[in-house]
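Take a look at the letters that make up each chain.
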Amino acid sequence: LAATMATVNLHAVTSWVGIARLFAIVLSCVAFSLVASTREFGSPYGTWCMFTWCFCFTVTLLVLLLELLELYPMLPFSWDDFTSAFSMLAALMVFTTSVVFPSTFISSPCSSSKCARQAVATTVSCLCFLAYALEVGLTRAKPGDISSFLSTMPGLLKVFEAYVACLIFSLLDNYSSKPGLQWCVAVYSICFIITFLIIIFTIGRCLSYIPCPLEKVLVGYNALASMMYITATILWPLYSFKDTKRPDPCGKDCSWDKHLGVTFLTIFNLIAYLVDLVYSTRMVFIRAP
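Here the structure is a predicted model, which is why all the values come from computation and not from measurement. (Residues numbered from 1 in each chain as written. Predicted model: local features only at pLDDT ≥ 70, side-chain atom pairs only at ≥ 80, totals over all residues. Heavy atoms only, no water.)

### Considering the domain arrangement of the protein chain
Here the protein chain is partitioned into domain 1 (1-145) and domain 2 (147-288). The C-alpha centroid of domain 2 is placed 25 Å from the C-alpha centroid of domain 1. Taken together, the contact pairs 22 residues of domain 1 with 19 residues of domain 2. Between domain 1 and domain 2, a total of about 1,800 Å² is buried, with carbon and sulfur atoms accounting for 63% of that surface. Taken together, the connections running from domain 1 to domain 2 amount to 0 salt bridges. Summed over the shared surface of domain 1 and domain 2, the result is 5 residue pairs in polar contact (both at pLDDT 80 or more). Sorting the residues of the side of domain 1 that touches domain 2 by element identifies α4 (44-68), α5 (79-105) and α6 (113-139) as the ones contributing at least two each. Along the lines of polarity and charge, the residues of the side of domain 1 that touches domain 2 split into 12 nonpolar, 6 polar and 4 charged. (Domains from an automatic or database assignment. Contact = heavy atoms within 4.5 Å. Buried area = accessible area lost by both parts, 1.4 Å probe. Salt bridge = Lys/Arg side-chain N within 4 Å of Asp/Glu carboxyl O. Polar contact = N/O pair within 3.5 Å; in protein donor to acceptor, adjacent residues only side chain to side chain. Helix = DSSP H or I, 4+ residues; strand = E, 2+ residues; numbered from the N terminus. Nonpolar A, V, L, I, M, F, W, Y, C, P; charged D, E, K, R; others polar.)

### Let's talk about the nonpolar core
Ile168, Leu172, Tyr188, Cys191, Tyr229 and Trp236 are the most contacted members of the largest nonpolar core, which has 34 residues in total. At the level of elements, α5, α7 (153-171), α8 (179-203), α9 (214-241) and α10 (255-285) are the ones that each hand at least two residues to this core. When residues in this core are grouped by element, the largest group, 9 residues, is from α8. In this view, Tyr229 contacts Ile168, Val187, Tyr188, Cys191, Thr266, Asn269, Leu270 and Tyr273; residues no more than four positions away in its chain are not counted. (Core = buried A, V, L, I, M, F, W, Y, C linked by side-chain atoms within 4.5 Å. Buried < 20%, exposed > 50% of the residue type's maximum accessible area, 1.4 Å probe, protein only.)

### Overview of the environment of Leu34
Mapped onto the fold, Leu34 is located in helix α3 (residues 16-38). Taking the C-alpha atoms as reference points, Leu34 and Ala116, 82 residues apart in sequence, are found 9.8 Å from one another. Excluding its chain neighbours within four sequence positions, the residues that come into contact with Leu34 are Arg117, Val120 and Ala121.

### Digging into α9
Look at α9: 40 Å from first C-alpha to last across 28 residues, which is about the 40 Å you get at 1.5 Å a residue. Every buried residue belonging to α9 is among Leu218, Val219, Tyr221, Asn222, Ala225, Ser226, Met228, Tyr229, Ala232, Thr233, Trp236 and Ser240, and all of these are buried. Directly after α9, the chain includes Asp243, whose backbone phi takes a positive value near 55°. (Expected span 1.5 Å × (residues − 1).)

### Some thoughts on the pattern of salt bridges
Taken as a whole and assessed by the stated rule, the structure comprises 3 salt bridges. Here Asp276 and Lys158 are joined by a salt bridge, their closest N and O atoms 2.4 Å apart. Of this pair, Asp276 sits in helix α10 while Lys158 sits in helix α7, placing them 118 residues apart in sequence. The exposure classification of Asp276 matches that of Lys158, with both residues buried. Ionic contacts of the salt-bridge type, sharing partners, join the residues Arg21, Glu67 and Glu135 into one network.

### Overview of unusual backbone geometry
Of note, the phi angle at Glu70 is positive, near 55°, even though the residue is not glycine. Among the structural elements, Glu70 can be located in the loop between α4 and α5.

Put into structure tokens, the structure is as follows:
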């Protein structure tokens, strides 16, 4: 018993990061329980929301247990990079869900008990996002500390860029007939694949095997990705909305609205890559004292 007690790290649940994870576990559990009780989540959007809450609940609980029992050093990957990447991903997923769920399922006036549960689930989901955002802020690396790359600002931006690209892929519709739109999809795909590989290789501790100055390669990649996204930011709306007006009515699967969503997400990712370029350049060429 003494040997077992010696392996329990109570700091994992009493630290600010541990408390944030506990809140995230409880809030995500409450959110998917409330929505499950309404039995109305069968659409693709409802399935996505339920998956988000269940996925975040399961992984966060697993992270907390591994840290509580001090089993994570036995895992063959960088634990700090993994937890930083996951907390950022969870914050983005829960934020998206907190926007998608009420806009899809809650209608006005909201007077029934089912609608009340959906409204409470939305509120709880927003609080869950704040818990994950707090964890991201608490675990973010201090300036000059690059021991855990994915906890630095460029590392967190890598997760953001990959996630936004996934959102773009989910909205792609009717692009095969125009070469300009095909180029934009190529930009999204190439940048997503490279960014995703950077994240995976960082977590798997494989970047050290690359026989070149990695930090300078990342600066070059961010510059190239920024230029590619600049072309996509210009070409996508140019080819999507040229001689095209928004149909009336425009339902939930309206291609015009999807193209508008891709336009805004492309701008968001362009800004992310530009900020990433600035931060990564500072990390390489402007060393902290």
